[in-house]
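Each chain is listed here by its residues.
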Amino acid sequence: MSGELPPNINIKEPRWDQSTFVGRANHFFTVTDPRNILLTNEQLENARKIVHDYRQGIIPPGLTENELWRAKYIYDSAFHPDTGEKMILIGRMSAQVPMNMTITGCMMTFYRTTPAVLFWQWINQSFNAVVNYTNRSGDAPLTVNELGAAYVSATTGAVATALGLNALTKHVSPLIGRFVPFAAVAAANCINIPLMRQRELKVGIPVTDENGNRLGESANAAKQAITQVVVSRILMAAPGMAIPPFIMNTLEKKAFLKRDTVEQGDSLGSCGLESGPGRSAKKKEPGFSLEEQRFPWMSAPIQVGLVGFCLVFATPLCCALFPQKSSMSVTSLEPDLQAKIQETYPELRRVYFNKGL
């Protein structure tokens, strides 16, 4: 029965060609599939066993190639590629769409008041801190102090950016004000990711040859990896935070979300304050206008839905902008690591590393 499945399928690498954008996109559409967060611990452990057994040359009877690849992607979605540890549920890439659509949708709905900005930016940065730590590259753990500094700095930067831009946009078009959350998220990503991965910048991340043989640690590789992740994260957020503002701005002018003007005088007059026998006619005094949304509760669900639709595509496509197994020239490494590699592998021209997500 074990002969049904070839023993030489390279499941250390993705199923699709990672040298092309289309291949990487197919890979990340599978990795970021939100349905993976519904898998039980038993299913995750079973996938891990299948993958580990296959790497040891043990093939369960009746296992098909499709089942092997399915197990590999379940394993990749829940276990860290460098440490092998099971990742925190909300930190997994499969949780990106449901978590981000909820948080981002609420950030873009409740952006007008200071308490709302503080609360949702704090929620967003707390979530980002978990994601950035969970998807770090390498196997060097952060200390509690380093984690705390990264978290506080990113949250402070995001809140300061949001509040500052809110103050600047008070007297401009409401449409422009809707883009304040995106600017805050972009600024926070530039702070949060490098700080959350600061240990990599200090001690480096593992670099290998094409066959996965570890050659050492490089801080220069870490800089390249973190830069690529920051760019892809900002672009990942862009569609969901740039497209819905135009749609919501239009919808709020329509009947069911439109702000209606109600005269106070009319409201009082309809409550029985009118002339009649034994009553003196009351002159209706000019009232002030009250603006109300007919269905204010609809704004948040619509915004969350729009953001979710954008993220379903933006998340895997932006993850695919750069290869997960990134590379750089040996000449771009630190001088001491260059010398070590050239002494041991004189023909080697490029090194490879996991850039993180």
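In this convention, every chain numbers its residues from 1, walking through the sequence in written order. Under the rules for a predicted model, residues below a pLDDT of 70 receive no local features and side-chain atom pairs below 80 are neither given nor counted, while totals for whole chains, interfaces and linings still include all residues. Only heavy atoms go into the side-chain values, all of them from the structure, while hydrogens and water stay out.

Looking at an unreviewed UniProt entry, the protein carries the name Sidoreflexin, with the source organism given as Mustela putorius furo. UniProt positions are given in the numbering used here, feature names are shortened, and annotations may be inferred rather than shown by experiment. Turning to the protein, the UniProt annotation filed under Sequence similarities (unreviewed entry) states: "Belongs to the sideroflexin family." Under the heading Subcellular location (unreviewed entry), UniProt records this for the protein: "Mitochondrion membrane".

**Regarding the packing of aromatic side chains**
Aromatic pairs are defined between Phe, Tyr and Trp rings, using the six-membered ring for Trp, whenever the two ring centres lie within 6.5 Å; interplanar angles under 30 degrees are classed as stacked, those over 60 as edge-to-face, and all others as tilted. As enumerated under the stated definition, the model contains 5 aromatic pairs in all. When the centroid spacing of 6.1 Å and the interplanar angle of 55° are considered together, the rings of Phe119 and Trp122 count as tilted. In this pair, Phe119 and Trp122 both sit in helix H5 (residues 114–134), 3 residues apart, roughly one turn of the helix. Burial status follows relative accessibility: with a 1.4 Å probe on protein chains alone, a residue under 20% of its type maximum counts as buried, one over 50% as exposed, and anything between as partly exposed. Taking relative accessible area as the criterion, Phe119 reaches 40% and is therefore assigned partly exposed. Relative accessible area serves as the criterion here: at 41%, Trp122 is assigned to the partly exposed category. An aromatic cluster of at least three residues, connected via ring pairs, comprises Phe119, Trp120 and Trp122. In this arrangement the basic side chain of Lys72 is found over the ring face of Tyr73, its NZ or CZ atom lying 5.6 Å from the centre. Criterion for a charge above a ring: Arg CZ or Lys NZ at most 6 Å from the ring centre, at most 35 degrees from the ring normal. The ring of Tyr352 has Lys325 lying over it, and the distance from NZ or CZ to the ring centre is 5.2 Å. Only DSSP runs of H or I reaching four residues or more are called helices, and only runs of E reaching two or more are called strands; each is numbered from the N terminus.

**Comments concerning the UniProt feature "transmembrane region" (unreviewed entry) in the protein**
UniProt records the feature "transmembrane region" (unreviewed entry) for residues 302–322 in the present numbering. The distance from the first to the last C-alpha atom of residues 302–322 is 32 Å, and the span holds 86% helix and 0% strand.

**Considering the packing of helix H4 (residues 96–109) against helix H12 (residues 299–319)**
Running from amino to carboxyl end, H4 crosses H12 at an angle of 135°, the nearest separation of the two axes being 8 Å. Taken as axis vectors, H4 and H12 run oblique relative to one another. When the axes of H4 and H12 are compared, the crossing they make is right-handed. Every residue of H12 that contacts H4 at Gln96, Val97, Asn100, Met101, Thr102, Thr104, Gly105, Cys106, Met108 and Thr109 is listed here: Ser299, Ala300, Gln303, Val304, Val307, Gly308, Leu311, Val312 and Thr315. Interaxial angles span 0 to 180 degrees and are taken between N-to-C directions of axes, which are lines fitted to C-alpha atoms, for helices over the stretch in contact. Each angle receives one of four descriptions, namely roughly parallel if under 35 degrees, roughly antiparallel if over 145, roughly perpendicular if within 65 to 115, and oblique otherwise. Handedness of a crossing is defined here by the sense of rotation of the near helix relative to the far one, left-handed for an anticlockwise turn of less than a right angle and right-handed for a clockwise turn. Working rule for contacts: check all heavy atoms of both residues, and any pair within 4.5 Å makes them a contact.

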